[in-house]
Amino acid sequence: MLHALPGKRELTLTQRLLAILALTALTAIAARVTIPLEPVPFTFQVLAVLLAGMLLGARDGALSQLAYVGLIALNLPLDARASGAAALLGPTAGYLYGFIPMAFVAGRLVERFAEDAWQRWLAGAAGVVVLYACGVAGLMVSTGMDLEAAWAAGVAPFLVFDLVKAALAVSLLYAGRRLLLPD
């Protein structure tokens, strides 16, 4: 897979699975880099999820995030607050579930349309929009916030930082590819 960059080659099934697991682990590690805000903490997971989609492609990137959410559903404390399965019902649930379509959208756009770095950044920004749609919906359902309050709590404090994370993800693509596909 690794559809994001030129010079791609097909990976064996074992290589694909290892790449998916590596990005699943990276997402879990990124959850540990946390600034505790309420109701949604600041983490580096957006960077990891964007890398998953951009680097692995839509399908495998989404699978890496499905695996991440699945591990949380098994009550492993891999979310930002280490609350396990409870996180899938709380204020961050929409964001956690949103990682799956975020990786898919960013990956699909990179696969289909993004030949230049600025196009890859736009693909990442589109993924962030998908994440925010899921996250705001989750906040509204879990907390009873209206749209304005959910936007203020779950998007406004993060927007600039997440767009910077999209740029950082683009800048890390070649290094990530070299790690996953050594010559």
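This is a predicted model, so every value here is computed, not measured.

Draft legend 1. The layout of surface pockets, seen in detail. Its volume calculated, the largest pocket comes out at about 290 Å³. Lining the largest pocket are 24 residues, and of these Val40, Pro41, Gln45, Thr92 and Tyr95 sit closest to its centre. Listed by contribution, the elements that provide at least two residues to the lining of the largest pocket are helix H2 (45–56), helix H4 (93–113), helix H5 (117–143) and helix H7 (159–180). For the lining of the largest pocket, the element with the highest residue contribution is H4, accounting for 3 residues.

Draft legend 2. Seen up close, H2. The terminal C-alpha atoms of H2 lie 16 Å apart, and with 12 residues this matches the ideal 16 Å at 1.5 Å per residue to within 8%. Burial analysis of H2 places 12 of its 12 residues in the buried class, which makes it a mostly covered element. Just downstream of H2 lies glycine 57, where phi reads positive at about 95 degrees.

Draft legend 3. How the structure looks around the pattern of salt bridges. Here the structure, examined in full by the defined rule, presents 5 salt bridges. Between glutamate 111 and arginine 108 there is a salt bridge, and its shortest N-O distance comes to 2.9 Å. Taken together, the positions of glutamate 111 and arginine 108, both in helix H4 and 3 residues apart, correspond to about one turn of that helix. For arginine 108, a relative accessible area of 28% puts it in the partly exposed group. Residue aspartate 162 is joined to lysine 165 by a salt bridge in which the shortest nitrogen-to-oxygen separation is 3.0 Å. With aspartate 162 and lysine 165 both in helix H7 and 3 residues apart, this pair spans about one turn of that helix. Connected through salt bridges with shared partners, the residues Arg16, Arg59 and Asp60 form a single ionic network.

Parameters and conventions
- Residues numbered from 1 in each chain as written.
- Predicted model: local features only at pLDDT ≥ 70, side-chain atom pairs only at ≥ 80, totals over all residues.
- Heavy atoms only, no water.
- 1 Å grid on protein atoms, 1.4 Å probe; cavity = no way out; pocket = protein on both sides within 12 Å on 5 of 7 lines; lining within 4 Å.
- Points joined across faces, edges and corners; volume = space filled by probe spheres on them.
- Helix = DSSP H or I, 4+ residues; strand = E, 2+ residues; numbered from the N terminus.
- Expected span 1.5 Å × (residues − 1).
- Buried < 20%, exposed > 50% of the residue type's maximum accessible area, 1.4 Å probe, protein only.
- Salt bridge = Lys/Arg side-chain N within 4 Å of Asp/Glu carboxyl O.

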